[in-house]
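# Structural description and commentary
Here are the chains, one letter per residue:
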Amino acid sequence: QVLLVESGGDLVQPGGSLRLSCAVSGSQFSIYVMNWYRQTPGKQRELIASITSGGSTGYADSVKGRFTISRDNAKNTVYLQMNSLKPEDTAVYYCNAVRIDSYWGQGTQVTVSS
């Protein structure tokens, strides 16, 4: 069984930064494609960043240039560095691991407000 645990969500002022972490249990972390999604009430979950097993990354236009996804295969952890945060970044952020099956974390709340 694969378990994902996100952390790092918080209340932050506009223009601030946060780093989210997602620790993944189980073996073979390095071969998973890792994704970060976010969701606000009444809206569909949105894919915002991805990183392949080879380290290639992709971003949604809404976060490109502000967010950075990275992974540490030795620690079985994926990160999302979020800079220049805006109120519209307020959401629950979810970590997702994909190989043959798809696994989800429980989510972490990010609130951007003054």
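All of the points below concern the structure found in this document. Keep in mind that this is a model prediction, so the values were computed, not measured.

### Description of the overall build of the protein chain
- A tally of regular secondary structure across the protein chain gives zero helices and 11 strands.
- Taken from N to C terminus, the helices and strands of the protein chain fall in the order β-β-β-β-β-β-β-β-β-β-β.
- Here the C-alpha atoms of the protein chain give a radius of gyration of 13 Å, agreeing with the 13 Å that 2.2 N^0.38 yields for 114 residues.
- Its C-alpha atoms put the protein chain at 40 × 25 × 20 Å along the principal axes.
- Going through the 114 residues of the protein chain one by one, you find that 39% of them count as buried.
- Counting only contacts in the protein chain whose residues sit at least 6 apart along the sequence, the fraction spanning at least 24 positions is 52%.
- Accessible surface, the protein chain: about 6000 Å² in total, of which carbon and sulfur atoms supply 47%.
- For the protein chain, the distance from the average site of its 10 positive side-chain charges to the average site of its 8 negative ones is 3 Å.

### Re the nonpolar core
- Counting 27 residues, the largest nonpolar core has Met 34, Trp 36, Leu 80, Met 82 and Tyr 93 as the members making the most contacts within it.
- Not counting chain neighbours up to four residues away, the residues in contact with Met 82 comprise Gly 16, Ser 17, Leu 18, Leu 20, Arg 66, Phe 67, Tyr 93 and Val 110.

### Considerations on the state of the cysteines
- Applying the stated criterion across every chain yields a total of one disulfide.
- Disulfide pairing is shown between Cys 22 and Cys 95; the S-S distance is 2.1 Å. Taking the sign of the S-S torsion, -85° for the link of Cys 22 and Cys 95, the bridge is left-handed. Within this pair, whereas Cys 22 is found in strand β3 (residues 18-24), its partner Cys 95 is found in strand β9 (residues 91-98), the two being separated by 73 residues in sequence.

### Comments concerning unusual backbone geometry
- Phi is positive for Asn 76, which is not a glycine, with a value near 55°.
- Note on placement: Asn 76 falls in the loop between β7 (67-72) and β8 (77-82).

### Remarks on the pairing of β8
- Most of β8 sits out of view: five of its six residues are buried.
- The pairing of β3 with β8 spans six bridges and is classified as antiparallel. Across the sheet, the residue bridging to Arg 19 is Gln 81, located in β8.
- Note: β7 against β8, six bridges, orientation antiparallel. Looking across to β8, one finds that Ser 70 is bridged to Tyr 79.
- Linking two consecutive strands that pair antiparallel, namely β7 and β8, is a turn of four residues; a positive phi of about 55° is found at Asn 76 within it.

Thresholds, definitions, all that
Residues numbered from 1 in each chain as written. Predicted model: local features only at pLDDT ≥ 70, side-chain atom pairs only at ≥ 80, totals over all residues. Heavy atoms only, no water. Helix = DSSP H or I, 4+ residues; strand = E, 2+ residues; numbered from the N terminus. Rg over C-alpha atoms; globule rule 2.2 N^0.38 Å. Buried < 20%, exposed > 50% of the residue type's maximum accessible area, 1.4 Å probe, protein only. Contact = heavy atoms within 4.5 Å. Areas by Shrake-Rupley, 256 points an atom, 1.4 Å probe, with all protein chains shown as cover. Lys, Arg positive; Asp, Glu negative; His and termini not counted. Charge placed at Lys NZ, Arg CZ, Asp CG, Glu CD. Core = buried A, V, L, I, M, F, W, Y, C linked by side-chain atoms within 4.5 Å. Disulfide = S-S within 2.5 Å. Pairing = 2+ DSSP bridges.

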